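# Examining the three-dimensional arrangement
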Amino acid sequence: MRAGHADATAPDPLPVRDPAVQPERTDMAWWRTVLAFAVLTLLVWRGAVMAGDPVGFAVAGIATVGWASFGWLARRRTAELRRGRPRPPAVRYAVVAMVPVTVLVPAVAAGAAFTTR
Amino acid sequence: MAARAWSTVLMYLSPRRLQREGTTPDYRFSLANERTFLAWVRTGLALLAGGIAVDQFLTDLTPGLRVTVAVTLLVTGALCALHAVRHWVRCELAMRRDRDLPVSRVPLLLGLIAGTLGAAVAVAFVVGGVR
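Anyway, here's the lowdown on the structure attached to this text. Since this is a predicted model, take the numbers as computed values, not measurements.

Turning our attention to helix α5 (residues 106–127) of chain B. Residue and element names in this part refer to chain B. For α5, with 22 residues, the first-to-last C-alpha span of 31 Å sits near the 32 Å given by 1.5 Å per residue. Among all positions of α5, only Leu-110, Leu-117, Val-121 and Ala-124 are buried. Seen along its axis, α5 keeps its buried residues to an arc of 70°; they face one direction. Projecting away from the buried face of α5 at angles above 90 degrees are the exposed residues Leu-108, Leu-112, Thr-116, Val-126 and Val-127.

This next bit is on the packing of helix α3 (residues 27–57) of chain B against α5(B). Residue and element names in this part refer to chain B. Orientation of α3 relative to α5, taken along the N-to-C sense of each, is 20°, at an axis distance of 14 Å. Viewed along their axes, α3 and α5 adopt a mutual orientation that is roughly parallel. Considering only the axes of α3 and α5, their crossing is left-handed. On α5, the residues touching Trp-40, Thr-43 and Leu-47 of α3 are Val-106, Pro-107 and Leu-110. Here the contact of α3 with α5 is built from residues that sort into 5 nonpolar, 1 polar and no charged.

Okay, unusual backbone geometry next. Residues and elements named next belong to chain B. Positive phi, close to 60°, is recorded for Asp-98, a residue that is not glycine. Within the secondary structure, Asp-98 is located in the loop between α4 (63–97) and α5. For Asp-98, a relative accessible area of 57% gives the class exposed.

The rules behind these values
- Residues numbered from 1 in each chain as written.
- Chains lettered and ligands numbered in written order.
- Predicted model: local features only at pLDDT ≥ 70, side-chain atom pairs only at ≥ 80, totals over all residues.
- Heavy atoms only, no water.
- Helix = DSSP H or I, 4+ residues; strand = E, 2+ residues; numbered from the N terminus.
- Expected span 1.5 Å × (residues − 1).
- Buried < 20%, exposed > 50% of the residue type's maximum accessible area, 1.4 Å probe, protein only.
- Arc of directions from axis to C-beta.
- Axes fitted to C-alpha atoms, helices over the stretch in contact; angles between N-to-C directions.
- Parallel < 35°, antiparallel > 145°, perpendicular 65-115°, else oblique.
- Left-handed = near helix turned anticlockwise from the far one by under 90°.
- Contact = heavy atoms within 4.5 Å.
- Nonpolar A, V, L, I, M, F, W, Y, C, P; charged D, E, K, R; others polar.

Written as structure tokens, this is what we have:
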């Protein structure tokens with residue numbers, strides 16, 4: 001019933017479902033996001049090294065921790081997706097995924113204000 | 001009204017509350033919703049990176065304009081990240097309750113901000129605002 005609910009209201013036009021592609025696409029979306037976070041982290045490090053001030057390095061440290069925790073989340077979630085039929089994603093992933101970003105933003109804004117040359 | 005808003009906020013934080021609502025949709029739709037969430041997070045991250053890049057690389061801009069553009073990008077990135085979670089929960093709820101998916105002005109707002117910033121920097125390079 002769990003996964004069949006939508007089929008009852010809107011019949012699938014395809015006779016055979018292909019559930020394998022959906023988890024794979026979601027898997028790749030997670031790693032794309034980790035990659036985007038990596039680019040951001042590298043940029044923050046560049047700014048810290050160029051400015052050479054403690055605030056910049058503190059922000060870079062936060063960005064690195066955020067990136068690492070996001071990668072850990074992606075690893076957990078994609079492992080869950082690979083484990084056969086994935087269950088509906090839990091909201092905790094969405095909420096926890098937001099933590100690095102929301103922590104990062106004020107830190108980066110403060111850092112940008114302090115390191116303005 | 002206030003109680004209703006509060007119960008929605010609680011759903012942001014507790015997956016069990018969300019799962020008590022309605023019926024579980026086809027997991028393919030939930031995964032599509034998850035990918036949309038991730039796309040919004042990436043948009044937010046790209047805006048953050050853009051803000052930092054403006055601060056680091058557009059050093060020819062006058063300081064006032066450079067900081068304004070950078071901070072606008074950073075704040076917009078933060079709003080995108082928050083919108084990602086809000087939109088994710090609202091879509092999940094709509095699917096569970098078998099209602100229409102939510103509509104939003106955030107894409108319009110994002111387009112206006114990006115367009116305005118791009119135009120501002122372009123004008124600065126053409127008519128001044130550059131050291």
